[in-house]
Amino acid sequence: MKILKPKLHSAECIIKAEKPVLTKDDIPYDASLIFNAGVAKYKGKYIMVFRNDYGPTEKTYPKVRFKTSLGLATSDDGINWKVSEKTIFDNKNLLPEDEIKRLYDPRITVIDGKPYLCMAMDTHHGVRGCIAEIDDNFEKINIISASAPDNRNMVLFPEKINGKYVRLERPFPVYSRGGKDRFDLWLSTSPDLVFWGETELVLAVEDVPYANDKIGPAAPPIKTDKGWLTVFHAVDIDNKRRKNGWERTWKKRYCAGIMLLDLNDPTKVIGMSKLPLIAPETYYETQSGFRQHVIFPGGMILEDDGEVKIYYGASDTVECLATAKVEDLIALCTEKRK
Ligand code: BMA
């Protein structure tokens, strides 16, 4: 196992917003943990689909079980959000005989002007990743394909590459990885968003110096002239970690990492920062919430002036925003470090 530095910091070019951009206090229905949102620019507005785990409190958890809904928020500036009155999915409406148990961790990609959601999907027979169409008003989800079980995190690239749709994904190959968490980041292509193949390894957990457990896709990649700027999440476990959240112990820490993938062949990593892009630091990232020390990006937007907005769930409890200049993010991936 790798020796992990005890303290990690976000990259210097990262500016975190002073407070979360969305919390349970902004939600007009039953809400508790608001996190792991997908964000995209669509028809002149910012659209956010967020995860809401609700039901228990710190006192009643885990006796009271979480329910999960997906909510919608829109914004003119990507900072101030207006939450829709109704959820777009709520697993309290599912029937026991439904195979799906819940949908969560949505990511939005707009391809050829059409929005798609990638979501994690718990079923009675395993966890899957699914791709869904969503209507113009972001109200009706229509699942068009789902992976085989033991795959969960998926993001779509915003355009076809060499005539094919492309996704990053993270299967859970327990059997072939020694029976414990050693999970890596992969890429697959598809002619139609339904049939997926040509699967290739992109980045292995052992390539990331601050991960000893698993890595996985975060926000959908953004295109730059130097390559696909791609964030991922990277997890380390330390069994000495004590109570840091609602559970008796929470032993994992999630950071965000960043890499640059080749524009024509995104299985090729052009460069990766050896240090985390975003690490847990602020009060709401490290001292409060359901599972502390969790940074989980789900949306990334490149503005016309070169600013990149990165949206991330913090502590599985609130939704946050960090910004950086695109050239600084590219430099993190390409600069040689000692
Ligand atoms: C992962 C997912 C994420 C979550 C993270 C930390 O396995 O369930 O939704 O943010 O764990 O709890």
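Our subject is the structure listed above.
How each quantity is defined
Residues numbered from 1 in each chain as written. Predicted model: local features only at pLDDT ≥ 70, side-chain atom pairs only at ≥ 80, totals over all residues. Heavy atoms only, no water. Helix = DSSP H or I, 4+ residues; strand = E, 2+ residues; numbered from the N terminus. Rg over C-alpha atoms; globule rule 2.2 N^0.38 Å. Buried < 20%, exposed > 50% of the residue type's maximum accessible area, 1.4 Å probe, protein only. Pairing = 2+ DSSP bridges. Axes fitted to C-alpha atoms, helices over the stretch in contact; angles between N-to-C directions. Near = heavy atom within 4 Å. Polar contact = N/O pair within 3.5 Å; in protein donor to acceptor, adjacent residues only side chain to side chain. Areas by Shrake-Rupley, 256 points an atom, 1.4 Å probe, with all protein chains shown as cover. 1 Å grid on protein atoms, 1.4 Å probe; cavity = no way out; pocket = protein on both sides within 12 Å on 5 of 7 lines; lining within 4 Å. Sits in = over half its atoms within 2 Å of the grid points. Contact = heavy atoms within 4.5 Å. Points joined across faces, edges and corners; volume = space filled by probe spheres on them.

Turning to the overall build of the protein, a few remarks are in order. Scanning the protein for helices and strands turns up 2 helices and 22 strands. Relative to the compact-globule value of 20 Å for 338 residues, the protein shows a C-alpha radius of gyration of 18 Å, a close match. Referenced to the eigenvectors of the C-alpha coordinate spread, the extents of the protein come out at roughly 50 × 45 × 45 Å. Here the protein holds 338 residues, and 57% of them are scored as buried.

For the rest of this paragraph, the subject is the sheet that holds strand β10 (residues 141-146). Judged by pairing direction, the sheet is antiparallel, and its 4 strands sit side by side in the order β7-β8-β9-β10 without closing on themselves. Only two strands of the sheet have a single partner each, and these edge strands are β7 (100-111) and β10. Sheet twist, expressed as the average angle between the axes of neighbouring strands with direction ignored, equals 30°. Bridge count for strand β9 (residues 126-134) against β10 is 5 bridges, and the pairing is antiparallel.

Bringing the environment of Tyr116 into the picture now. As for its placement among the helices and strands, Tyr116 is situated in strand β8 (residues 114-123). A relative accessible area of 7% means that Tyr116 is categorised as buried. The spacing of Tyr116 and Ile131 is 15 residues in sequence and 6.9 Å in space, taken between C-alpha atoms.

Before going further, it helps to spend a moment on the site of the ligand. All residues in the neighbourhood of the ligand are listed as Asn36, Arg51, Asp105, Arg152, Lys214, Trp250, Tyr254, Arg291, Val294, Phe296 and Asp316. In the environment of the ligand, an oxygen atom lies 2.9 Å from a nitrogen or oxygen atom belonging to the side chain of Asn36. Contact between the ligand and Asp105: an oxygen atom at 2.6 Å from a side-chain N or O atom of the residue. Here the ligand, which alone exposes 310 Å², has 91% of that area covered by the protein. When atom positions are compared with the pocket grids, the ligand is found to occupy the largest pocket.

What follows covers the sheet that holds strand β1 (residues 15-16). Each strand in a sheet pairs with another by means of backbone hydrogen bonds, the pair being arranged parallel or else antiparallel. One open sheet holds the 4 strands; their spatial order is β1-β22-β21-β20, and the pairing between them is antiparallel. Strand pairing shows two members of the sheet lacking a second neighbour, β1 and β20 (295-302), which therefore form its edges. Here β1 pairs with strand β22 (residues 318-325) via 2 bridges, running antiparallel. Counterpart to Lys16 in the pairing with β22 is Ala322. Helix-sheet contacts for helix α2 (residues 326-334) involve β20, β21 (307-314) and β22, and the interaxial angle to β22 is about 85°.

Attention now goes to the side chain of Asn91. With respect to the helices and strands, the residue Asn91 is situated in the loop between β6 (89-90) and β7. Aside from chain neighbours lying at most four places away, what touches Asn91 is Lys67, Thr68, Lys101 and Arg102.

Of the voids in this model, the largest pocket is the one considered here, and its volume is about 850 Å³. Taken together, 38 residues line the largest pocket, and the ones lying closest to its centre are Arg51, Asp53, Thr68, Arg102 and Asp122. Broken down by secondary-structure element, the contributors of at least two residues to the lining of the largest pocket are β2 (33-42), β3 (45-54), β4 (67-75), β7, β11 (151-156) and β18 (252-261). Sorting elements by how many residues they give to the lining of the largest pocket places β7 first, with 5 residues.

Another aspect to go through is the pairing of β18. Counting buried positions over the 10 residues of β18 gives 10, a clear majority of the element. In this sheet, β18 lies alongside strand β17 (residues 227-237) in antiparallel orientation, the contact comprising 10 bridges. Note that in β18 the partner of Val235 across the bridge is Tyr254. Pairing between β18 and strand β19 (residues 269-272): 3 bridges, direction antiparallel. Across the sheet, residue Met259 finds its bridge partner in β19, namely Met272.

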